[in-house]
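Examining the three-dimensional arrangement
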Amino acid sequence: MPIVHVFACSGRFASPEALQAYLSPTYTDDGDTVPSPFFLETGLKHYEPACVESATLASPVPLAQLLDGVSYGDSWLAQASADADAQGLLADTSICVFAPNQLAHPQRSSLHYVGSYRYRVD
């Protein structure tokens, strides 16, 4: 089963553009990729942008509310939400990194690393 890595934070990003500047790579004039801060912190490899989902809200909420409608949520979101609730986590921003993306060291992220969860692709 593939794995999703879940990150969350509150008050870190002033706008969706600020989140994207942290999350998305940039490119040189020659088309070479310049890794984003998120890439560098987590060791992200095999980047597939369509398999990274982010969400933002105006104020912090429980993870289940922030991630309402996330991909494959029926197979992993309950466990992630329980973990976040146990940690007392409220967040206004989340990032979910799905396979085939690979993270060498997700725990090194400057965001709160909620955890990794196996999910079903039905």
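Relevant structure appears above.
To keep things clear, this report deals only with the structure shown in the data block.

Parameters and conventions
- Residues numbered from 1 in each chain as written.
- Predicted model: local features only at pLDDT ≥ 70, side-chain atom pairs only at ≥ 80, totals over all residues.
- Heavy atoms only, no water.
- Pairing = 2+ DSSP bridges.
- Helix = DSSP H or I, 4+ residues; strand = E, 2+ residues; numbered from the N terminus.
- Axes fitted to C-alpha atoms, helices over the stretch in contact; angles between N-to-C directions.
- Contact = heavy atoms within 4.5 Å.
- Buried < 20%, exposed > 50% of the residue type's maximum accessible area, 1.4 Å probe, protein only.
- Arc of directions from axis to C-beta.
- Core = buried A, V, L, I, M, F, W, Y, C linked by side-chain atoms within 4.5 Å.
- Disulfide = S-S within 2.5 Å.
- Salt bridge = Lys/Arg side-chain N within 4 Å of Asp/Glu carboxyl O.
- Polar contact = N/O pair within 3.5 Å; in protein donor to acceptor, adjacent residues only side chain to side chain.

1. Considering the sheet that holds strand β6 (residues 90-98)
Taken in spatial order, the four strands line up as β5-β6-β1-β8 in an open sheet, and their pairing is antiparallel. Each end of this open sheet is capped by a strand with a single partner; those strands are β5 (52-62) and β8 (112-118). Recorded for the sheet is a direction-independent mean angle of 20 degrees between the axes of neighbouring strands. Note that β5 and β6 share seven bridges and pair antiparallel. By the bridge assignment for β6, Thr56 is matched with Thr93. The strands touched by helix α4 (residues 73-86) are β1 (3-9), β5, β6 and β8; relative to β8, the strand with the most contacts, the crossing angle is about 150 degrees.

2. Focus on helix α1 (residues 16-23)
Along α1, the positions that sit buried rather than exposed are Leu19, Tyr22 and Leu23. End-on view of α1: buried residues confined to an arc of 90 degrees, all on one side of the axis. In α1, those exposed residues whose orientation departs by more than 90 degrees from the buried face are Glu17 and Ala21.

3. Things to note about the nonpolar core
Within the largest apolar cluster, 21 residues are counted, with the highest numbers of intra-cluster contacts made by Val6, Leu63 and Trp76. Elements with a contribution of two residues or more to this core: β1, β5, α3 (63-66), α4, β6 and β8. Examining the composition of this core, we find that four residues originate from one element, α4, more than from any other. Excluding residues that lie within four positions of it along the chain, Leu63 makes contacts with Val6, Ala8, Ala80, Ser81, Ala84 and Val114. Within the second largest apolar cluster, 14 residues are counted, among which are Phe13, Tyr22, Ile95 and Leu111.

4. With respect to the state of the cysteines
Within the structure shown, the criterion is met by zero disulfides. Lacking any disulfide linkage, Cys9 is separated from the closest cysteine sulfur, that of Cys96, by 12 Å. Among the cysteines around Cys51, which has no disulfide bond, Cys96 carries the closest sulfur, lying 12 Å off.

5. Description of the pattern of salt bridges
All told, the structure shown has one salt bridge when counted by the stated rule. Of the charged contacts, one joins Asp74 and Arg120 as a salt bridge, the two residues approaching to 3.6 Å between their closest N and O atoms. With Asp74 in helix α4 and Arg120 in the segment after β8, the pair connects residues that are 46 residues apart, well separated along the chain. Residue classification places Arg120 among the partly exposed positions, given a relative accessible area of 37%.

6. Describing the side chain of His105
Position of His105 among the secondary structure elements: in the loop between β7 (102-103) and β8. Judged by relative accessible area, which is 17%, His105 ranks as buried. Engagement of the side chain of His105 in a polar contact is seen with the backbone oxygen of Glu41, the distance being 2.9 Å. Those residues within four positions of His105 in sequence are excluded, and the remaining contacts are Leu40, Glu41, Thr42 and Gly43.

By themselves, these are just geometric observations and shouldn't be taken as functional.
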